[in-house]
Amino acid sequence: MSFVSVRDVWQSYGGRPIIERVNIDVAEGEFVSIVGASGCGKSTFLRLLLADEQPTRGSITIDGGAPAREPGIERGVVFQRYSVFPHMSVRDNIVAGQSFQRPLGRFFGARLRQAREEADATLARIGLSHVADNYPATLSGGMQQRLAIGQALTARPRVLLLDEPFGALDPGTRLSMHDFLTELRAETSMTVFMVTHDLEEGFKLGDRVLVFDKPRWDPQDPGLYGATITYDFDARDRGIPYQNILDGLPSLGPAPVPADATG
Amino acid sequence: MRLINRRPSRPMAVFLAALPFVLFAAAYVIGSDIRLSANPQDKLLPAPSTIGDTALRLFTEGDRRTGAILLWHDTAASLRRLGLGVGISALISLVTGLLIGLLPYARRTFSDFVAVLSMVPPLALLPILFIVFGLGETSKVVLIVIGITPFLIRDLSQRVLDIPHEEIVKAQTLGASTTTIATRVVLPQILPRLIAAVRLSLGAAWLFLIAAEAVAADTGLGYRIFLVRRYLAMDIILTYVIWITALAFLIDWGLKTLSRRAFPWMGAGL
Ligand SMILES: Nc1ncnc2c1ncn2[C@@H]1O[C@H](COP(=O)(O)OP(=O)(O)O)[C@@H](O)[C@H]1O
Ligand SMILES: [Mg+2]
C-alpha cells in the first residue's frame, strides 16, 4: 500500500544535519502538505524526493523501485519561481512537457501540429488560451504558476512535488489557485507533496499535514541537530484528526478478548 | 530634492547628450584655428574643412597607379579579419561555455585553464603568431581569437551557471536528456548573452586587429594609419579614426537591433 516510502533519511551539508531520521509512507493518490519554520529543511526534503540530491543516509523509493539518482519523468515539480522556460511561448512551454522526452527534444511536422492542438486543449482547461502566444514574462504570477502546473502535468508524473507554489501570490489569486489544483487533482488523482508556510492552505488542500521541526535542541549550538517530522496530521474530514484512527491502527482500540479466556 | 532623484526633462536630456560632442568639436575647431593662424603649414590639427576634403578624396578617388579606392579596400580587408576573428571566437566560446557551464566534468577540466589563459597578454603573443602563422591573414585573425575568446568563454559559462537551477531541474522532470537541455533550454537563453558579450569584446577585437595590422600587413585600416603616420598626414589619420569609430558604432548598433528582434522574450532585459 505504501507508494512513496522514505526510510531513515538524513541530509547534512558540510557535516551539519539539516534533516534527520525522516520516515514516512505515503499511499498512491495522497496529497501530503509539508509545513514548518522557515529554513528547517522543507525544500531540502523536497529536493530529496525529487532526487535532485542524494540523502546522506537512508533511501527514498517510489512504488518499490530503486532509489532514483537524478530527477526524471516520474517526479514532476513546480517551484515558487523559475518553473517555466522564459524563452518559450506559453503554448511551447506546454508542448515541451511532451516533446522534451524525444531524442532531440522537439516534435516535427504532423506530430508537432498534433502536440500544439493538445497543448491548446490543455491551455483551455487551465484558462490560459488567451495568452497562448505570449512569453511567460508577460503573465501574472498566478498565470505563470498555472502554466507551470499544467506543464508539469503534461509529462504525466507519478508524483507531483510543489515547493511553496503559491508563496508569491496575493491572497485572492491563491484562493483561485486552490480551486484550480483541487479540480486538477480530482481529474488525475495523483500523489502530491506540497511545501507551504501557510498552515491553513496545508490543511485545506492536503489529506495529510506533516510538520517539520527540531525535536532536539542544543542551546549552545542550534545547528547541531536537524529537523524531522514531528507531527503527521490526518487532514481529511476537515482536519479533525484521529476520527478514523482505529481503521489504520486497530491495536489502539480495546484489547481483543483472548480466545481462551472466553472458552 | 536629492540629486539622485532629479531627472532631466526630454529637451534637456537631448541638450545634455549633445553637449559633450559640441564642446569637443568646438575645442578642436578653436585649437586648430589657433595653430593654423600661427603657422598655416601646421599639420597637427588640420582644419575641419581640410579633413572634409581629404575624406571626400579618400572615399571617392582611386589610387593614381591602380585606380582602386584604397579606403574601401582597407575597410574590406579589416572587416573580413574582424568578422572572421570574432565569428570564430563566438563559435568556440559558445560551445566551450556551454560545456563548462553545464557539465561538471568539463568545468573541472577547463575552467581553471581558461582563467589562466585569459591572463596571458595577447599582444605579447603577437611575435609568436607571426613566427608560427606567417605574416598573412591567419596571424591577424588568430590574434583576435586569442585576444577575446577567453573573456567570451568565461562570460558565457557564467551565464549558463546563472540560469536558475529550477529550470534545469524542471527540464529533467520533463524527461529531457543532457543534449535536449543544452539545445532547447540553455542555448536559446545564452544566445542573447553571446551577442551582449560580443558587443563588449568588440573594442578589444578592434584593438588587436589594428595592432596586428600596424605591425605587419599590406592593406587594412590599421596598416594605412600607421603608414601615413610617417608623413604626419593627420587629415588622413583622423578620417580613418572617424571612419573606424563609425564602423564600430554601426556594428554595435546592428548587434543590438538583431538581439532585440531575435529574442523578443527577453523583454526589457537587454
Ligand atoms: N546546498 C546547500 N548547501 C548548504 N546548505 C544548504 C543547502 N541547501 C539548503 N541549505 C541549508 O539548509 C537549511 C534548510 O534549507 P531549506 O530546505 O531551503 O529550508 P526551508 O525550505 O524549510 O525554508 C538552511 O539553513 C539552508 O541554509
Ligand atoms: Mg524552502
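Residues numbered from 1 in each chain as written. Chains lettered and ligands numbered in written order. Predicted model: local features only at pLDDT ≥ 70, side-chain atom pairs only at ≥ 80, totals over all residues. Heavy atoms only, no water.

Chain B appears in an unreviewed UniProt entry as Urea carboxylase-related protein ABC transporter, permease protein from Salipiger mucosus DSM 16094. Among the UniProt annotations of chain B, the heading Subcellular location (unreviewed entry) holds the following wording: "Cell membrane". Of the comments in the UniProt record for chain B, the one headed Sequence similarities (unreviewed entry) reads "Belongs to the binding-protein-dependent transport system permease family." (UniProt positions renumbered as here; feature names shortened; annotations may be inferred.)

The name an unreviewed UniProt entry assigns to chain A is Urea carboxylase-related protein ABC transporter, ATPase protein, from the organism Salipiger mucosus DSM 16094.

### Some remarks on the sheet that holds strand β7 (residues 191–195) of chain A
Residue and element names in this part refer to chain A. An order of β5-β6-β7-β3-β8-β9 is seen for the six strands of this open sheet, with the pairing classed as mixed. Across the chains shown, the open sheet's two edge strands, defined by having one partner strand only, are β5 (75–78) and β9 (228–234). For this sheet, the mean angle separating the axes of adjacent strands, direction not counted, is 20°. Relative to β7, strand β3 (residues 31–36) runs parallel, the two being bridged by four bridges. Counted as the bridge partner of Ile-34 is Val-195 from β7. (Pairing = 2+ DSSP bridges. Helix = DSSP H or I, 4+ residues; strand = E, 2+ residues; numbered from the N terminus. Axes fitted to C-alpha atoms, helices over the stretch in contact; angles between N-to-C directions.)

### Some words on the UniProt feature "domain: ABC transmembrane type-1" (unreviewed entry) in chain B
Here the UniProt-annotated "domain: ABC transmembrane type-1" (unreviewed entry) positions come out as residues 79–255 of chain B. As annotated, residues 79–255 of chain B comprises 86% helix and 0% strand, and the C-alpha atoms at either end are separated by 15 Å.

### What to know about helix α1 (residues 10–38) of chain B
Helix length check: α1(B), at 29 residues, gives a terminal C-alpha distance of 42 Å against a target of 42 Å (1.5 Å per residue), a fit within 8%. At Leu19(B), α1(B) shows its maximal bend, which comes to roughly 35°, and the proline Pro20(B) appears one to four places after that position. (Expected span 1.5 Å × (residues − 1). Bend = angle between axes of the 7 residues up to and from the residue.)

### A few points about the pairing of strand β8 (residues 208–213) of chain A
All names here are of chain A. The buried count for β8 comes to five of six residues, which makes it a mostly enclosed element. The pairing of β3 with β8 spans five bridges and is parallel. If you follow Val-35 over to β8, its bridge partner there is Val-211. (Buried < 20%, exposed > 50% of the residue type's maximum accessible area, 1.4 Å probe, protein only.)

### A look at the site of ligand 1
Residues and elements named next belong to chain A. Taken together, Tyr-13, Ile-18, Ala-37, Ser-38, Gly-39, Cys-40, Gly-41, Lys-42, Ser-43, Thr-44 and Arg-47 make up the full set of residues adjacent to ligand 1. Separating an oxygen atom of ligand 1 from a backbone N or O atom of Gly-41 is a distance of 3.0 Å. Taking Arg-47, its side chain carries an N or O atom lying 3.0 Å from a nitrogen atom of ligand 1. Compared with its free state, where it exposes 560 Å², ligand 1 has 57% of that area covered by protein. Of all the elements, helix α1 (residues 42–50) adds the most residues to the shell around ligand 1, at four residues. Of the residues contributing to the shell around ligand 1, the split by class is four nonpolar, five polar and two charged. (Near = heavy atom within 4 Å. Polar contact = N/O pair within 3.5 Å; in protein donor to acceptor, adjacent residues only side chain to side chain. Areas by Shrake-Rupley, 256 points an atom, 1.4 Å probe, with all protein chains shown as cover. Nonpolar A, V, L, I, M, F, W, Y, C, P; charged D, E, K, R; others polar.)

### Here's the deal with the UniProt feature "transmembrane region" (unreviewed entry) in chain B
Residue and element names in this part refer to chain B. Those places that UniProt annotates as "transmembrane region" (unreviewed entry) correspond, in this numbering, to residues 82–106, 113–135, 194–212 and 232–251. Summarising residues 82–106: 96% helix, 0% strand, and an end-to-end C-alpha distance of 29 Å. Taken as a whole, residues 194–212 contains 100% helix and 0% strand, while its terminal C-alpha atoms sit 25 Å from one another.

### Examining the pattern of salt bridges
This model, assessed by the stated rule, comprises 22 salt bridges over all chains. We note a salt bridge from Asp207(A) to Arg185(A), for which the minimum N-O separation is 3.6 Å. With Asp207(A) in the loop between α6 (199–205) and β8 and Arg185(A) in helix α5 (residues 171–188), the pair connects residues that are 22 residues apart, well separated along the chain. For Asp74(B), the salt bridge goes to Arg224(B), with nearest N and O atoms at 2.6 Å. Of this pair, Asp74(B) sits in helix α3 (residues 70–102) while Arg224(B) is found in helix α9 (residues 221–228), placing the two residues 150 residues apart along the sequence. Since its relative accessible area comes to 0%, Asp74(B) is described here as buried. Within this structure, Asp63(A), Glu74(A), Arg75(A) and Arg158(A) form a network of salt bridges that share partners. (Salt bridge = Lys/Arg side-chain N within 4 Å of Asp/Glu carboxyl O.)

### Some details on the interface of chain B and chain A
Taken together, the contacts link 21 residues of chain B with 34 residues of chain A. Carbon and sulfur atoms make up 64% of the area that chain B and chain A hide from each other, which totals about 2200 Å². For chain B, the biggest contributors to the area lost against chain A are Lys170(B), Leu174(B) and Arg184(B); these three give 34% of the whole. Along the contact surface separating chain B from chain A lie zero salt bridges. Inspection of the region where chain B meets chain A yields 10 residue pairs in polar contact (both at pLDDT 80 or more). Secondary structure elements with two or more residues in the side of chain B that touches chain A: α7 (165–173) and α8 (178–215) of chain B. (Contact = heavy atoms within 4.5 Å. Buried area = accessible area lost by both parts, 1.4 Å probe.)

### So, unusual backbone geometry
Generally, phi is negative for residues other than glycine and the peptide bonds are trans, each holding for most cases. Residue and element names in this part refer to chain A. Look at Asp-63: it is not a glycine, yet its phi comes out positive at around 55°. With respect to the secondary-structure elements, Asp-63 resides in the loop between β4 (57–62) and β5. Here Tyr-82, not a glycine, exhibits a phi torsion of approximately 60°, which is positive. Within the secondary structure, Tyr-82 is located in the loop between β5 and α2 (90–99).

### Topic: the sheet that holds strand β1 (residues 2–13) of chain A
All names here are of chain A. Here we have three strands laid out as an open sheet, ordered β2-β1-β4, and antiparallel in their pairing. Two strands lie at the open edges of the sheet, namely β2 (16–27) and β4, each paired on one side alone. Between one strand axis and the next, the sheet turns through 15° on average, direction left out of account. Relative to β2, β1 runs antiparallel, the two sharing eight bridges. Each bridged residue has a counterpart across the sheet, and for Val-4 the counterpart in β2 is Val-26. Along the sheet, α1 contacts β1, β2 and β4; its crossing angle with β1, the most-contacted strand, is approximately 125°.

### Thoughts on the nonpolar core
Grouped together as the largest cluster of nonpolar side chains are 57 residues, with contacts concentrated most on Phe100(A), Leu82(B), Val86(B), Ile144(B), Val186(B), Ile190(B) and Val198(B). For this core, the secondary structure elements donating two or more residues are α3, α5 (122–133), α6 (137–162), α7, α8, α9 and α10 (234–262) of chain B. Among the elements that line this core, the one with the most residues is α8(B), at 15 residues. With sequence-adjacent residues up to four places away left out, Val86(B) is seen in contact with Ile144(B), Ile148(B), Val198(B), Leu202(B) and Ala205(B). Grouped together as the second largest cluster of nonpolar side chains are 33 residues, Val84(A), Met143(A), Leu147(A) and Leu162(A) included. (Core = buried A, V, L, I, M, F, W, Y, C linked by side-chain atoms within 4.5 Å.)

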